Amino acid sequence: WNSVPVEITGDGKQMSNVKVQDTQTGEFRDVEARGFFYAIGHKPNTDFLEGQLALDESGYIITKPGTTETSVPGVFACGDVQDKEWRQAITAAGSGCMAALQAERFLS
């Protein structure tokens, strides 16, 4: 709790850690993680992805129609960061399932 993600690290093929900063103390710590879902509000908080993934003019991640595939092979986007029309929890849950299944297929 009281933490925000600052950096995702890995070996270039798979993530391994998320560096987080405590919002009350300012301290940093690494959290071991193999996946990352970034929750957003009404504005897609995707600024940290600029230059890494294709984003539209509003900051939403561009995905191949009907999939969760992004401009980077093996990186999948779901929910509010790629769905600017619906932005609802059920849409996020459904596309989260799509992303998980596509990631599994990609790794197989």
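Remember, it's a predicted structure, so these values are computed and weren't measured experimentally.

Asks: Lay out the overall build of the protein chain with the relevant residues and their values.
Replies: A tally of helices and strands in the protein chain yields 1 helix and 3 strands. Element order for the protein chain, N to C, with α for helix and β for strand: β-β-β-α. Against the 2.2 N^0.38 benchmark of 13 Å for 108 residues, the protein chain shows a C-alpha radius of gyration of 14 Å, consistent with a compact globule. Buried positions account for 26% of the 108 residues belonging to the protein chain. Across the protein chain, every contact between residues at least 6 apart in sequence was considered, and the portion connecting residues at least 24 apart equals 20%. When the accessible surface of the protein chain is summed, it comes to about 7700 Å², and 54% of that surface belongs to carbon and sulfur atoms.

Asks: How would you sum up the environment of Val72? Please name residues and give values.
Replies: By the secondary structure assignment, Val72 is in the loop between β3 (28-32) and α1 (89-107). Distance from Val72 to Ser58, taken between C-alpha atoms, is 19 Å for residues 14 residues apart in sequence.

Asks: I'd like to hear about the packing of aromatic side chains, residue by residue, with values.
Replies: Counted according to the given criterion, the structure contains 1 aromatic pair. The lysine or arginine in question, Lys19, covers the ring of Phe28, its NZ or CZ lying 6.0 Å from the ring centre.

Asks: An account of the side chain of Thr70 is needed here, citing residue identities and associated values.
Replies: For Thr70, the position within the fold is in the loop between β3 and α1. Judged by relative accessible area, which is 14%, Thr70 ranks as buried. Among the polar contacts listed, one links the side chain of Thr70 to the backbone oxygen of Val75, at a separation of 2.7 Å. The contact partners of Thr70, leaving out residues within four places of it in the chain, are Leu53, Ile61, Ile62, Thr63, Val75, Phe76 and Ala77.

Asks: Describe the nonpolar core, with residues and values.
Replies: Membership of the largest hydrophobic core is limited to 5 residues, which are Leu49, Leu53, Ile61, Ala77 and Val81. Excluding residues that lie within four positions of it along the chain, Ala77 makes contacts with Ile61, Thr63, Thr68, Thr70 and Gln82.

Asks: Explain the confidence of the model for the protein chain to me, and be specific about the residues and the numbers.
Replies: Per-residue confidence for the protein chain gives a mean pLDDT of 88, with 93% of residues at or over 70. Averaged over each element, pLDDT in the protein chain is lowest for α1 (84) and highest for β3 (96).

Asks: Account for the sheet that holds strand β1 (residues 3-10), naming residues and giving values.
Replies: Either a parallel or an antiparallel arrangement is found when strands of a sheet pair, and the pairing is made through backbone hydrogen bonds. Within the open sheet, the 3 strands sit side by side as β1-β2-β3. Their pairing is antiparallel. If you trace the sheet from one side to the other, it starts and ends with β1 and β3, each paired once. Strand-to-strand twist in this sheet, taken as the mean axis angle between neighbours without regard to direction, amounts to 30°. Examined bridge by bridge, strand β2 (residues 15-22) and β3 share 5 bridges and lie antiparallel to one another. Across the sheet, the residue bridging to Lys19 is Asp30, located in β3.

Asks: An account of the pattern of salt bridges is requested, with residue identities and associated values reported.
Replies: Counted according to the given criterion, the structure contains 2 salt bridges. Put simply, Glu32 and Arg34 hold a salt bridge, and the shortest N to O gap is 3.7 Å. In this structure, Glu32 and Arg34 share a single accessibility class: exposed.

Rules of the game
Residues numbered from 1 in each chain as written. Predicted model: local features only at pLDDT ≥ 70, side-chain atom pairs only at ≥ 80, totals over all residues. Heavy atoms only, no water. Helix = DSSP H or I, 4+ residues; strand = E, 2+ residues; numbered from the N terminus. Rg over C-alpha atoms; globule rule 2.2 N^0.38 Å. Buried < 20%, exposed > 50% of the residue type's maximum accessible area, 1.4 Å probe, protein only. Contact = heavy atoms within 4.5 Å. Areas by Shrake-Rupley, 256 points an atom, 1.4 Å probe, with all protein chains shown as cover. Phe/Tyr/Trp six-rings, centres within 6.5 Å; stacked < 30°, edge-to-face > 60°. Lys NZ or Arg CZ within 6 Å of the ring centre and 35° of its normal. Polar contact = N/O pair within 3.5 Å; in protein donor to acceptor, adjacent residues only side chain to side chain. Core = buried A, V, L, I, M, F, W, Y, C linked by side-chain atoms within 4.5 Å. pLDDT = per-residue confidence, 0-100. Pairing = 2+ DSSP bridges. Axes fitted to C-alpha atoms, helices over the stretch in contact; angles between N-to-C directions. Salt bridge = Lys/Arg side-chain N within 4 Å of Asp/Glu carboxyl O.

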